[in-house]
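# An overview of the molecular structure
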Amino acid sequence: MEIYQTNQLRIYNSLSKSKEDFTPIVPGKVGMYVCGPTVYSNVHLGNVRTFLSFDLIYRYLKHLGYKVRYVRNITDAGHLENDADEGEDRIAKKARLEEIEPMEVVQRYTVDFHQVLQRMNFLPPSIEPTATGHIVEQVEIVKAIIAKGLAYVVNGSVYFDVIKYNKEEAYGELSGRDIEAAVHQTRSLDGQSEKKNPQDFALWKKADDRHIMRWPSPWSDGFPGWHLECTAMSTKYLGETFDIHGGGMDLKFPHHECEIAQSKAYKGVEPVRYWMHANMLILNGQKMAKSTGNYILPNELFSGENQLLGRGFSPSTVRFFILQAHYRSVLDFTGPGLEASEKGYVKLMEAFSKIDSIASGDKDTLDIKRWKQQCYAAMNDDFNSPVLIAQLFEAVKYINLLLDQQATLTAATLADFTSTLTVFVLDVLGLQDERKDKRSDTLSGVVDILIDLRNEARDNKDWALSDKIRDQLATLGVQLKDGKEGTTFSLQ
Ligand SMILES: [Zn+2]
């Protein structure tokens, strides 16, 4: 039996604006799509927070025993500077400014994105598709939407007709925007725009002469609208209706609203069962964003090369800091906040590293069953990581009581306590014990084996073998020292 069969997960659905019981479309399987980065600059900490929210969600779903297909895309074309389908492509602009190829920009920042996530111990998604790798699929969707009469062609560009769509469907259902009111409030277009209505959005844009990133289509040499790639890739890999769609709060409108409209126009069905949105990271009282210059890069935070904090913080500390807030709460990034998290993190990991030295007793004086239920209850309640972390600090208290022999657990309960704590600390929260170098642990183990073999040789008066072990270790810089307490070693 899988864990999910005895744990009812509840998820806050941004579409219904309420917590709902999670029931996947196919029992035991979950399809999850998360809007990935536009790779035109270094990933900042605000972006990392969004992706970390979904890393936590992915990890917990996997722990519950679901077979999860997690798709997180890379936007490498089509994302213009503003939401009104005007301005330059962000990647093409960066390429022009730096006098390099757009694909060099894409490569550079995709590598940066992966490196940062790897340092912070993210699990890679199951599929990481790119917009440029799915141009054919996007062109097919545009054709289908035109055929349904919900898009129109102007001068080689194609726009989605929001007003016509809204007659049958509800445009704005996710973001809560009233499109009728918006239409009445908006002044008429300035004559520059090709759109029938300001609310319409681009499915395909004709490329001007200087635009390098272009592909042929029935309408023009051009490029897809930004919203279209997510519809193409989610549908291709997860089906026309899938379980979870995630992203940052700022993507609700227009990006996700447009995705819903495109998908419904294309397939006639609601594309997503549960919409999930991660809240933002605040720095200096404002949203962390590249466009305003109010941001901090993860690598600056790790290295200490930043003016804000004056010293570095480890990737796991940063991870722990972010997870101490619920993903739907605004998180205020401050130096004192980060320092407090660092203390908490060290305290947690110190206790966790001692758990193996607890000896079992003949009775249970702590209610581990109840503690374990509360850990699951926290995560089942819309992935409430701060409540889970509070439970982990309860476990720290338990560990200290057990080490001081003020409490006891039977061998079976102790094993359950250890494995549950290991699951939540390492697998679900994805924390790493940075205080210990695993390689040096392995080395110590290997040298201890050789010391034992040398002692056996000496007991057998096999001096040649015992000297050989000592000398060969010495050539590798491992010095053995024989003392009253036995043999120890040092590295040179
Ligand atoms: Zn998207």
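Keep in mind it's a predicted model, so treat the numbers as computed, not measured.

The rules behind these values
Residues numbered from 1 in each chain as written. Predicted model: local features only at pLDDT ≥ 70, side-chain atom pairs only at ≥ 80, totals over all residues. Axes fitted to C-alpha atoms, helices over the stretch in contact; angles between N-to-C directions. Helix = DSSP H or I, 4+ residues; strand = E, 2+ residues; numbered from the N terminus. Parallel < 35°, antiparallel > 145°, perpendicular 65-115°, else oblique. Left-handed = near helix turned anticlockwise from the far one by under 90°. Contact = placed C-beta atoms within 7 Å. Nonpolar A, V, L, I, M, F, W, Y, C, P; charged D, E, K, R; others polar. Pairing = 2+ DSSP bridges. Buried ≥ 20, exposed ≤ 12 C-beta atoms within 10 Å, placed from the backbone. Core = buried A, V, L, I, M, F, W, Y, C linked by C-beta atoms within 7 Å. Domains from an automatic or database assignment.

### Structural notes on the packing of helix α4 (residues 135-147) against helix α8 (residues 252-267)
Two numbers describe how α4 lies on α8: the axes approach to 8 Å, and their chain directions differ by 70°. It follows from the interaxial angle that α4 and α8 lie roughly perpendicular. Here α4 and α8 pass one another in a crossing that is left-handed. For the pair α4 and α8, the contacting residues are Ile141, Ala144 and Ile145 in the first and Gln262, Ala265 and Tyr266 in the second. Class assignment of the residues belonging to the contact of α4 with α8 gives a composition of five nonpolar, one polar and no charged.

### Considering the sheet that holds strand β11 (residues 281-283)
Read across the sheet, three strands follow the order β12-β11-β13 without closing on themselves; strand pairing throughout is mixed. Each of the sheet's edge strands pairs with one partner strand only, and the pair in question is β12 (286-287) and β13 (331-333). Relative to β13, β11 is paired through three bridges, and the arrangement is parallel. Residue pairing for β13: leucine 281 is matched across the bridge by leucine 331.

### As for unusual backbone geometry
Cis geometry is found at the peptide bond from phenylalanine 253 to proline 254, where omega equals 0°. At aspartate 382, a residue that is not glycine, the phi angle is positive and equals roughly 55°. Inspection of the secondary structure puts aspartate 382 in the loop between α12 (368-380) and α13 (385-403). Take aspartate 382: there are 19 C-beta atoms within 10 Å of it, and that puts it in the partly exposed class.

### Details of the sheet that holds strand β8 (residues 222-224)
Through backbone hydrogen bonds, the strands of a sheet pair up, either in parallel or in antiparallel fashion. Strand order in the open sheet formed by four strands is β5-β6-β7-β8, with antiparallel pairing between adjacent strands. Both edges of this open sheet fall to β5 (151-154) and β8, since each of them pairs with a single strand only. The mean angle between the axes of side-by-side strands here comes to 20°, regardless of whether they run parallel or antiparallel.

### Quick notes on the nonpolar core
Among the nonpolar cores identified, the biggest contains 121 residues, and Val142, Ile145, Ala151, Phe160 and Leu203 are the most heavily contacted of them. The element contributing the most residues to this core is helix α1 (residues 45-63), with 10 residues. Taken domain by domain, the makeup of this core includes at least three residues from each of domain 1 (3-278) and domain 2 (305-312 + 331-428). Not counting chain neighbours up to four residues away, the residues in contact with isoleucine 145 comprise Leu150, Ala151, Phe160, Leu203, Gln262, Ala265 and Tyr266.

### Here we look at the domain arrangement of the protein chain
With domains assigned, the protein chain is organised as domain 1 (3-278), domain 2 (305-312 + 331-428) and domain 3 (438-491). Of note, the centres of domain 1 and domain 3, computed from C-alpha atoms alone, are 59 Å apart.

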